[in-house]
Amino acid sequence: MFVMTIDQRRSRTDRDRVPDLLAAVADTPVLRPFDRTAGDEVQAVLTDPDAVVAVTLLLADEGHWSIGIGIGAVETPLPAQTRAGRGEAFEQARAAVESAKAARPPLAVRGASRWAEHADTALRLLTEIVTTRSAAGREAVALVRGGLRQTAAAEELGITPQAMSQRLRAARWELESPTRELVVDLLARADRPAEDRR
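Rules of the game
- Residues numbered from 1 in each chain as written.
- Predicted model: local features only at pLDDT ≥ 70, side-chain atom pairs only at ≥ 80, totals over all residues.
- Heavy atoms only, no water.
- Helix = DSSP H or I, 4+ residues; strand = E, 2+ residues; numbered from the N terminus.
- Rg over C-alpha atoms; globule rule 2.2 N^0.38 Å.
- Areas by Shrake-Rupley, 256 points an atom, 1.4 Å probe, with all protein chains shown as cover.
- Lys, Arg positive; Asp, Glu negative; His and termini not counted.
- Charge placed at Lys NZ, Arg CZ, Asp CG, Glu CD.
- Buried < 20%, exposed > 50% of the residue type's maximum accessible area, 1.4 Å probe, protein only.
- Polar contact = N/O pair within 3.5 Å; in protein donor to acceptor, adjacent residues only side chain to side chain.
- Contact = heavy atoms within 4.5 Å.
- Axes fitted to C-alpha atoms, helices over the stretch in contact; angles between N-to-C directions.
- Parallel < 35°, antiparallel > 145°, perpendicular 65-115°, else oblique.
- Left-handed = near helix turned anticlockwise from the far one by under 90°.
- Nonpolar A, V, L, I, M, F, W, Y, C, P; charged D, E, K, R; others polar.
- Salt bridge = Lys/Arg side-chain N within 4 Å of Asp/Glu carboxyl O.
- Phe/Tyr/Trp six-rings, centres within 6.5 Å; stacked < 30°, edge-to-face > 60°.
- Lys NZ or Arg CZ within 6 Å of the ring centre and 35° of its normal.
- Pairing = 2+ DSSP bridges.

### Points about the overall build of the protein
At step 1: Within the protein one finds eight helices and five strands.
At step 2: Counting from the amino terminus, the protein carries its helices and strands in the arrangement β-α-β-β-α-β-α-β-α-α-α-α-α.
At step 3: Taken over the C-alpha trace, the protein has a radius of gyration of 18 Å; the compact-globule value for 198 residues is 16 Å, and the two agree within 12%.
At step 4: C-alpha extents for the protein along the principal axes are approximately 55 × 45 × 30 Å.
At step 5: Surface accessibility of the protein: about 10000 Å² in total, with carbon and sulfur atoms responsible for 50%.
At step 6: Side-chain charges of the protein comprise 27 positive and 29 negative groups, with the mean position of each set lying 3 Å from the other.

### Examining the side chain of Arg124
At step 1: One can find Arg124 in helix H4 (residues 114–131).
At step 2: Judged by relative accessible area, which is 19%, Arg124 ranks as buried.
At step 3: Here Pro105 takes part through its backbone oxygen, which lies 3.1 Å from a polar atom of the side chain of Arg124.
At step 4: With residues near it in sequence (within four places) discarded, Arg124 still touches Ala103, Arg104, Pro105, Leu107 and Ala108.

### Concerning the packing of helix H2 (residues 49–62) against H4
At step 1: Viewed as axis vectors pointing N to C, H2 and H4 meet at an angle of 45°, and their least axial separation amounts to 10 Å. The angle between H2 and H4 places the two elements in the oblique class. Judged by the sense of rotation from one axis to the other, the crossing of H2 with H4 is right-handed. Seen from H2, the contacting residues are Val53, Thr56, Leu57, Ala60 and Asp61; seen from H4, they are Leu123, Leu126, Thr127, Val130 and Thr131.
At step 2: Grouping the constituent residues of the contact of H2 with H4 by class yields six nonpolar, three polar and one charged.

### Looking at the side chain of Asp40
At step 1: Tracing the backbone through its elements, the reader meets Asp40 in the loop between strand E2 (32–38) and strand E3 (41–46).
At step 2: Here Asp40 sits buried without a salt bridge, and the closest side chain of opposite charge, Arg36, lies 6.8 Å off (N-O distance).
At step 3: When neighbours within four sequence positions are excluded, Asp40 is seen to be in contact with Ile6, Asp7, Gln8, Ser11, Val18 and Trp65.

### Brief notes about the environment of Leu59
At step 1: Relative to the assigned elements, Leu59 resides in helix H2.
At step 2: On a C-alpha basis, the gap between Leu59 and Val25 in space is 9.4 Å, while along the polypeptide they are 34 residues apart.
At step 3: Ignoring anything within four residues of it in the chain, the contact list for Leu59 reads Ile6, Leu21, His64, Trp65 and Ile67.

### Notes on the packing of aromatic side chains
Where two aromatic rings form a pair, the distance of their centres and the angle of their planes describe that pair.
At step 1: Counted according to the given criterion, the structure contains zero aromatic pairs.
At step 2: When the ring centre of Trp115 is taken as reference, the NZ or CZ atom of Arg189 above it lies at 4.7 Å.

### As for the pairing of E3
At step 1: The element E3 is largely enclosed, with a buried count of six among its six residues.
At step 2: In the sheet, strand E1 (residues 2–8) pairs with E3 via six bridges, with the strands oriented antiparallel. Each residue of the ladder has a partner; that of Met4, found in E3, is Ala44.
At step 3: As defined by bridge partners, E2 adjoins E3 across four bridges and the pair is classed as antiparallel. By the bridge assignment for E3, Ala38 is matched with Glu41.
At step 4: Two successive antiparallel strands, E2 and E3, enclose a turn made up of two residues, where Gly39 displays a positive phi of approximately 55°.

Quick look at the structure:
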């Protein structure tokens, strides 16, 4: 099980961004929904590692959040409200979000196995790939991710195919998909029972 605990950064000097976050993640597949726990903090329970990665990348790209991901068991039956949940994943998420506040990028994955440590490292790398792109790189990646071939994307941007290739290379587009697959696999492995993690 995955528990995400997400805390707004610089909340004392910024507006309340929790309503925007809740709207942005409203369609995410969750076991218990994203819910304001206290002040500017949000929490959810998820079972899909791909959804965990998608939310992390979305929020990391915005730059307003410290993101903690806890992996472990939860007490069942789960209460209707996320904030009332208990168990190892909730405890790990609390430790993770506290670590994330001092980390760059501001995220952390915590769990009882070495696979959680590996997932933490891989997710940091993936986040760096995605969030450090230039505006031109983001534009190029968005078009290719949307299904356009590089030549059609280059035409759309009014640049040469060679310039498009250079933008995608600088944006490290070729690393995004395999790194994301790696993170999802590591999260899934960390979530397995101890005897099945090998």
